[in-house]
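Listed below are the residues making up each chain.
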Amino acid sequence: MAKTATKVSSKKAPAKKAAAPKAAAKATSKTAKASAKAAGKAAATKAASKTSKAAVKKTAKASASSASPILTLRNIADRLSEMHEVPKRQANEMMNQVVEMIAKSLKKGDKIRLSGLGILQVRKRAARMGRNPQTGEPVKIKASKKIAFRAAKDLKDSI
């Protein structure tokens, strides 16, 4: 009976050995790819270390300024605080109050004329028929209000 047990185990062992070379082949190809990536990263790191510190600082400043193409209220408040020597907190509060005033005026239905920038106003949209793009069936669209901005001529010409 011991002989049969060894025969059974000997039959299973070659199957495991056959699977092992495939796994090893996959592992070696993965390690080769990983080592190639590591070599590429090392070369890039070496090239980056050769650049001077001044050049790195200049590119960091340039990327920081170009990475933020959106001018936010906070950015405007910061610039105003620097220009008029006012604390940033106070400039932020003033900008928030300006936005609140504009919102209140628009809710009332007033036009807001900002010279050099343009006109903000509320426009009424009449009820109309539209189509559901998925089914093509007609759909009633309710009347609504929207905020419209009309740019000033000076702004259009400058852009």
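Computed from a predicted structure; not experimentally measured.

**Q** I tried to follow a nonpolar patch on the surface on my own but got confused; where do I start?
**A** A surface patch of nonpolar side chains, about 250 Å² in accessible area, is lined by Leu114, Leu117 and Phe149. By the element assignment, Leu117 lies in the loop between β1 (112–114) and β2 (118–125).

**Q** Sorry if this is basic, but what is going on with the pairing of strand β4 (residues 138–141) here?
**A** On any regular strand, side chains alternate: one points to one face of the sheet, the next to the other face. Judged from the four bridges that link them, strand β3 (residues 128–131) and β4 form a sheet pairing that is antiparallel. Paired with Arg131 across the two strands is Pro138, which belongs to β4. Turn length for the β3-β4 hairpin, with the two strands adjacent in sequence and antiparallel, is six residues, and the turn residue Gly136 shows positive phi of about 85°.

**Q** Got a minute to help me understand helix α3 (residues 73–84) in this structure?
**A** Here α3 is twelve residues long and its end C-alpha atoms lie 16 Å apart, about the 16 Å a rise of 1.5 Å per residue gives. At the exit of α3 stands Glu85, carrying a positive phi of roughly 50°.

**Q** Would you take a moment to explain helix α4 (residues 88–108) for this structure?
**A** Given 3.6 residues per helical turn, the α-helix brings residues three or four places apart onto the same face. Here α4 is 21 residues long and its end C-alpha atoms lie 31 Å apart, about the 30 Å a rise of 1.5 Å per residue gives. Taken residue by residue, α4 has Ala91, Asn92, Met95 and Leu106 as its buried positions. One face of α4 carries all of its buried residues, which in axial projection span an arc of 105°. Exposed side of α4, more than 90 degrees from the buried face: Arg89, Met101, Lys104, Lys107 and Lys108 are the residues found there. In this fold, the buried residues of α4 make contact with α3, β1, β2 and β5 (144–151).

So, how was this worked out
The residue count restarts for each chain, going from 1 along the sequence in the order it is written. Predicted model: local features are reported for residues with pLDDT of at least 70 only, side-chain atom pairs are reported and counted for 80 or more only, and whole-chain, interface and lining totals are derived from all residues. To obtain the side-chain values, all non-hydrogen atoms of the structure were used and water was disregarded. A patch is a set of surface residues, each over 30% in relative accessible area and not in a salt bridge, joined within 9 Å for like charges and within 5 Å for the nonpolar side chains Val, Leu, Ile, Met, Phe, Trp and Tyr. A 1.4 Å probe and the Shrake-Rupley method give the accessible areas. Residues count as covered only by the protein chains that appear here. For this document, the term salt bridge refers to a Lys or Arg side-chain nitrogen within 4 Å of an Asp or Glu carboxyl oxygen. Here a helix means four or more residues in a row that DSSP labels H or I, a strand means two or more in a row labelled E, and each is numbered from the N terminus. Should DSSP find at least two bridges between two strands, the strands are taken to pair. Expected span of a helix: the number of residues minus one, times 1.5 Å. Residue burial is assigned from relative accessible area. The probe radius is 1.4 Å, only protein chains are included, and a residue is buried under 20% of its type maximum, exposed over 50%, and partly exposed in between. Relevant arc is that of directions from the helix axis to the C-beta atoms, nothing else. Whether two residues touch is decided by their heavy atoms; if any such pair falls within 4.5 Å, the residues are in contact.

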